Amino acid sequence: MQRWVGRVALVTGASSGIGYEVARSLVKHGMKVVGCSRNTSKIQELADDLVGEAGSLTPMQCDVSKEDEVLSMFDNIKSSFGGVDVCVNNAGLSHDAPLLTGDTEQWRNMFEVNVLGLCVCTREAVKSMKERGVDDGHIIQLNSAVGHFQYANNPGGHFYSATKFAVTSLVEGLRKELLKDNTHIRVSSLSPGLTETEFSYRMFAKHPEIAKKKYSQIENLKSVDIADAVIYALSAPKHVQIHELSIYPTEMAT
Ligand SMILES: NC(=O)c1ccc[n+]([C@@H]2O[C@H](COP(=O)([O-])OP(=O)(O)OC[C@H]3O[C@@H](n4cnc5c(N)ncnc54)[C@H](OP(=O)(O)O)[C@@H]3O)[C@@H](O)[C@H]2O)c1
């Protein structure tokens, strides 16, 4: 991680779960991290805890489904830090919204955050890298196991799964465009199985017992396991692209 010391990482969705641990880990490895989400109070608390570590954490409020907010966040990053060297597109969510009975606004929200938000942040991050001649930048997409297959008995998650299948496809497309542009900017897709975060509690906000049951059946992944995978992808030598990393709980049925 030595070559990333002092460089700038954007982590979206840094107020909770995986993004929170990724932000913490990157700061400990000496990066200047900008952590964004809609609610930044937890990011500010983490930033305060991390004072004295090798890097720094700066909270920025941003709803990644709103393009104007994303563009002004990139402007702020440019004026405060110069630009983005690493972009971890982690912000994401699922509503409990089956295909036969789900709410259209909930489908739209998942698409706007998990797909469009990720694409706009990716485009702006690569633009920032190119305008500063950064040829070793890195885009990390938080995909999911369900970006590759559907779980049985998970009707509320079918649309969410489709947004992650989109991420799988977008990673392939992005890699082709980056190669065509003769850059060495890398893209990595990380696809975790069930990870114990606020994710399921938010998905089943009206029925926390469902989330509790989900997380109690096997020994699930922890956010730090995914933060470790981010460090692994970033640490790979420049000629090595960790293209797709599937990370499952050992006990998870597929
Ligand atoms: N947990 C799992 O089992 C699992 C498995 C595979 C993949 N993933 C993926 O991992 C990523 C992180 O999920 P998690 O498990 O850490 O969930 P989480 O604990 O619910 O955290 C989600 C984060 O995304 C942020 N976020 C949500 N909507 C946003 C928006 N419109 N704009 C900006 N930030 C937004 C939230 O912050 P605010 O609410 O403050 O905005 C929060 O910081 C997601 O992409 C998820 O799909 C999770």
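Residues numbered from 1 in each chain as written. Predicted model: local features only at pLDDT ≥ 70, side-chain atom pairs only at ≥ 80, totals over all residues. Heavy atoms only, no water.

### Observations concerning the site of the ligand
- Lining the immediate surroundings of the ligand are 29 residues, of which Ser-15, Ser-16, Tyr-160, Thr-197 and Arg-202 lie closest.
- Within the side chain of Asp-63, one N or O atom sits 2.8 Å away from a nitrogen atom of the ligand.
- With respect to the ligand, the backbone of Asn-90 contributes an N or O atom lying 2.8 Å from an oxygen atom.
- Here the ligand has 890 Å² of accessible area as a free molecule, and 97% of this is covered by the chains. (Near = heavy atom within 4 Å. Polar contact = N/O pair within 3.5 Å; in protein donor to acceptor, adjacent residues only side chain to side chain. Areas by Shrake-Rupley, 256 points an atom, 1.4 Å probe, with all protein chains shown as cover.)

### Considerations on the packing of aromatic side chains
- For the structure on display, the rule yields five aromatic pairs.
- Ring geometry for Phe-149 versus Tyr-248: centroids 6.3 Å apart, planes at 90°, classification edge-to-face. Here Phe-149 is found in the loop between strand 5 (138–142) and helix 5 (158–180), whereas its partner Tyr-248 is found in the segment after strand 7 (244–247), with 99 residues between them in sequence.
- For the pair Tyr-201 and Tyr-215, a centre-to-centre distance of 5.7 Å together with 40° between the ring planes defines the contact as tilted. On the criterion of sequence distance, the pair formed by Tyr-201 in helix 6 (residues 199–203) and Tyr-215 in helix 7 (residues 208–216) is long-range, its members being 14 residues apart.
- Taking the relative accessible area as the measure of exposure, Tyr-201 reaches 35% and is therefore partly exposed.
- A relative accessible area of 6% places Tyr-215 in the buried class.
- One aromatic cluster is present, built from ring pairs that chain together Phe-149, Tyr-151 and Tyr-248. (Phe/Tyr/Trp six-rings, centres within 6.5 Å; stacked < 30°, edge-to-face > 60°. Helix = DSSP H or I, 4+ residues; strand = E, 2+ residues; numbered from the N terminus. Buried < 20%, exposed > 50% of the residue type's maximum accessible area, 1.4 Å probe, protein only.)

### A word on the pattern of salt bridges
- The full count for this structure, using the stated rule, is 14 salt bridges.
- One salt bridge connects Glu-198 with Arg-202, and the closest N-O pair in it is separated by 3.2 Å.
- The exposure class of Glu-198 is partly exposed, given its relative accessible area of 33%. (Salt bridge = Lys/Arg side-chain N within 4 Å of Asp/Glu carboxyl O.)

### Focus on the nonpolar core
- Counting residues in hydrophobic clusters, the biggest one holds 34 residues, and the most contacted among them are Val-22, Leu-26, Val-33, Leu-57, Val-88 and Ile-140.
- Only strand 1 (8–12), helix 1 (17–28), helix 2 (41–49), strand 4 (86–89), strand 5, helix 8 (223–235) and strand 7 provide two or more residues apiece to this core.
- For this core, the element with the most residues is helix 8, which contributes seven residues.
- Excluding residues that lie within four positions of it along the chain, Leu-57 makes contacts with Ala-23, Val-27, Val-33, Val-34, Gly-35, Ile-43, Leu-46, Ala-47 and Leu-50.
- Listed in part, the 29 residues of the second largest apolar core include Met-60, Phe-74, Val-126 and Met-129. (Core = buried A, V, L, I, M, F, W, Y, C linked by side-chain atoms within 4.5 Å. Contact = heavy atoms within 4.5 Å.)

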